Amino acid sequence: MKSTNTFLQINPYPLIGLLYFFLGLMIIVFLFIMFFSFYKRKLEKRKKFWEEAISSVISQVIFYEEDGQSQMETKVDEKLLQNSNFRQYFIDEIIHAKKNLFGAPVSNLKKLYNLLKFDKDSLQKIHSTKWYIKAKGIQELSIMEQVQFVKEIFRLTNDSDELVRNEAQCALVNFYGFKGFRFLNVIVHPISQWQQIQLLNYLHDAKTTDPEQLKKWLASKNESVVTLALRLAGFYNSFEVYNEVIQCLQHPDQQVKLNALMYLKKISPDDTAEKIINCYNFSDRTVKLAILSVLEEIGNEKQVSFLLKQLHDNDDTIKLASAKTLSCLHPMGKAFFQTHLFADQNPWKAIFSQIENERAA
Amino acid sequence: MKILVAEDEMIMQKTIELRLKKDGHEVTTCSDGREAIQKIEEINPDLIITDIMMPFASGLEIIEAVKRKGDKNIRIIVLSAMGQENVVLEAFQLGADDYITKPFSPNELSMRVKRYSVDTKEVTI
């Protein structure tokens, strides 16, 4: 009886208020979803319309010379061309088409890009204060091969933002190949390993190289410039810088030493192996392993006594690497394993059998 | 020759269509794999040019559909992006006749189609 009274005493108004609140909230959410889906559909419809208009223009322009037109004509709505979103969409589509095509259509796409003054849009982007807009602008100018803006792009190769300067460096190499690397003369920031690989991917010309420039970069105080110069020397098989590369084996930076070894693996006159051995004792473990690996490729019987000494290094990985190289350079080949004094003792026994198994596989 | 072009990128689709129409072919286009499979039944093309990566059904599924149909006269050219060698090999195993890697020249495509056009005429004779 008492509990029934308590129940009757509960004030229902806050509950009703709460009910109205949630009902109102539901209506607002519903209206928001309706509005959002309507807006999204409108955007999609607009995108579809733009896509239709742009693809018609581009596909016509690609073959305009075949149609006997002396001048490129584009039938694009002037009003649409004043819309910055449309212009950006158009630029994106041209760039996308350029990536999928080659030959005459590509030069026609470039003509269209310039005819509609999209180069000015891209140029405007590189003067933006936001890094991602700047980077996009450089990328557009690079893909569309707008060499006339090289001055503006060159300045950005030393930008404080890493992504901006990466794009600018790629653009220069894309424009000029090896000559585009002249930014290495002025760069103060380090160039990441990834960026170095990217830059090499942009190299199209395997013919032209300037050994004097390479020598200058190999002596740079910026270690990443030296590393990149070593990669370039290897890429161009530049024998002229051989002595400078040998000097790099004394460099304090590990990456410089490793890249010098990569070069010497490709370009190695007779006494190279001996020169490499001379820097062995001053190197860290990674470089030592790299040296042993390079010797496997370029060494000869003269290095056998050096390698036999390394078989007694404290580090088992170095023992293994030495044994592998020995099995290639020793006059007896892998048969020398049986003649070795410690062939029956571990770790040599295990190392020798591992190499034999690897070779057999 | 009746050609079906299955390509989801509008610009590429229109470019290929225009190139082939200039060469005097009868071209039908579609933007996804499912639509392409339907169109094969409807128009019975002599040649299909299909992209590999497409919505709803891939280029490989289109090849399978053609082979299921059992019409050996339908030739198939596959459009693939760089680095899709494994997919191209799979396409050949399924029965594709040729492939073109993007980026490509529309004129190169035209020449390849012309080769099949000659083949078709020979078969007809």
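In this text the structure is predicted, and so the values were computed from the model without any measurement. (Residues numbered from 1 in each chain as written. Chains lettered and ligands numbered in written order. Predicted model: local features only at pLDDT ≥ 70, side-chain atom pairs only at ≥ 80, totals over all residues. Heavy atoms only, no water.)

Asker: Mind laying out the interface of chain A and chain B, listing which residues take part and the relevant values?
Answerer: Contacts between chain A and chain B engage 20 residues on the former and 16 residues on the latter. Contact between chain A and chain B buries roughly 1600 Å² in total, counting both sides, with carbon and sulfur atoms accounting for 63%. Contact with chain B buries area across many residues of chain A, yet A:Phe63, A:Asn100 and A:Phe102 alone supply 36% of it, more than any other trio. Applying the counting criterion to the chain A and chain B interface returns one salt bridge. One salt bridge in this structure joins A:Glu52 and B:Lys14, with 3.4 Å as the shortest N-O distance. The tally of links from chain A across to chain B stands at six residue pairs in polar contact (both at pLDDT 80 or more). For the side of chain A that touches chain B, the secondary-structure elements that each account for two or more residues are helix 2 (13–62) and helix 4 (84–100) of chain A. Its residues assigned to classes, the side of chain A that touches chain B comprises seven nonpolar, six polar and seven charged. (Contact = heavy atoms within 4.5 Å. Buried area = accessible area lost by both parts, 1.4 Å probe. Salt bridge = Lys/Arg side-chain N within 4 Å of Asp/Glu carboxyl O. Polar contact = N/O pair within 3.5 Å; in protein donor to acceptor, adjacent residues only side chain to side chain. Helix = DSSP H or I, 4+ residues; strand = E, 2+ residues; numbered from the N terminus. Nonpolar A, V, L, I, M, F, W, Y, C, P; charged D, E, K, R; others polar.)

Asker: Could you give me a rundown of the pairing of strand 2 (residues 26–30) of chain B, with the residues and numbers involved?
Answerer: Residues and elements named next belong to chain B. Alignment of strand 1 (residues 2–6) against strand 2, held across five bridges, turns out to be parallel. When the sheet's bridge partners are listed, Val5 is paired in strand 2 with Thr29. Tracing the backbone out of strand 1, into helix 1 (residues 10–22) and back to the parallel element strand 2 gives a crossover that is right-handed. (Pairing = 2+ DSSP bridges. Right-handed = clockwise from strand over helix to strand, strands pointing away.)

Asker: Could you give an account of the nonpolar core, with specific residues and numbers?
Answerer: Counting 120 residues, the largest nonpolar core has A:Ile58, A:Phe90, A:Phe181, A:Leu184, A:Leu232 and B:Ile49 as the members making the most contacts within it. A domain-level breakdown of this core finds at least three residues from each of domain 1 (82–189) and domain 2 (268–361) of chain A. If we ignore the near neighbours within four places in the chain, the residues touching A:Phe90 are A:Ile54, A:Val57, A:Ile58, A:Val76, A:Leu112, A:Leu116 and A:Phe118. Core analysis: the next-biggest nonpolar cluster, separate from the first, contains 18 residues, B:Leu4, B:Ile40, B:Met54 and B:Ile63 among them. (Core = buried A, V, L, I, M, F, W, Y, C linked by side-chain atoms within 4.5 Å. Buried < 20%, exposed > 50% of the residue type's maximum accessible area, 1.4 Å probe, protein only. Domains from an automatic or database assignment.)

Asker: With reference to specific residues and values, describe the state of the cysteines.
Answerer: If you walk through the whole model with that rule in mind, you get zero disulfides over all chains. Here A:Cys248 is not cross-linked by a disulfide; its sulfur's nearest cysteine counterpart is in A:Cys279, at 11 Å. (Disulfide = S-S within 2.5 Å.)

Asker: Give me the lowdown on unusual backbone geometry, citing residues and values where you can.
Answerer: For residues besides glycine, phi is generally negative; the peptide bonds are generally trans as well. Look at the link from B:Lys102 to B:Pro103: it is a cis peptide, with omega at 0 degrees. Here B:Pro103 lies in the loop between strand 5 (98–102) and helix 5 (106–124). Residue A:Lys117 is not a glycine yet carries a positive backbone phi of 60 degrees. Looking at the element boundaries, A:Lys117 is found in the loop between helix 5 (104–115) and helix 6 (118–126).

Asker: Break down a nonpolar patch on the surface for me, citing the residues and quoting the values.
Answerer: Taken together, the side chains of A:Leu15, A:Leu18, A:Phe21, A:Phe22, A:Leu25, A:Val29, A:Phe32, A:Ile33 and A:Phe36 define a hydrophobic patch exposed on the protein surface, amounting to about 930 Å² of accessible area. By the secondary structure assignment, A:Leu25 is in helix 2. (Patch = residues over 30% accessible without salt bridge, like charges linked within 9 Å, V, L, I, M, F, W, Y side chains within 5 Å. Areas by Shrake-Rupley, 256 points an atom, 1.4 Å probe, with all protein chains shown as cover.)

Asker: Could you give an account of the packing of helix 2 of chain A against helix 5 of chain A, naming the residues involved and the relevant values?
Answerer: All names here are of chain A. Where helix 2 meets helix 5, the closest approach of the two axes is 8 Å, and the angle between their N-to-C directions is 125 degrees. Overall, the two elements helix 2 and helix 5 adopt an arrangement that is oblique. Note on packing geometry: the crossing formed by helix 2 with helix 5 is right-handed. Note on element contacts: helix 5 touches helix 2 through Pro105, Asn108, Leu109 and Leu112, opposite Val57, Ile58, Val61 and Ile62. Among the residues forming the contact of helix 2 with helix 5, the class breakdown is seven nonpolar, one polar and no charged. (Axes fitted to C-alpha atoms, helices over the stretch in contact; angles between N-to-C directions. Parallel < 35°, antiparallel > 145°, perpendicular 65-115°, else oblique. Left-handed = near helix turned anticlockwise from the far one by under 90°.)

Asker: How would you summarise the confidence of the model for chain A if you had to cite specific residues and measurements?
Answerer: Summing up the model confidence of chain A, the mean pLDDT is 88 and the portion of residues at 70 or higher is 93%. No element of chain A has a lower mean pLDDT than helix 1 (residues 2–9) of chain A, which averages 58, and none a higher one than helix 7 (residues 131–143) of chain A, which averages 96. (pLDDT = per-residue confidence, 0-100.)

Asker: Lay out the pattern of salt bridges in plain terms, naming residues and giving numbers.
Answerer: Residue and element names in this part refer to chain A. In this structure the tally under the stated criterion is 22 salt bridges over all chains. Note that Glu140 is salt-bridged to Lys125, the shortest N-O span being 2.7 Å. Of this pair, Glu140 sits in helix 7 while Lys125 is found in helix 6, placing the two residues 15 residues apart along the sequence. Lys125 matches Glu140 in its accessibility class, with the two residues each being buried. Sharing partners across several salt bridges, the network here consists of Asp92, Lys125, Lys136 and Glu140.

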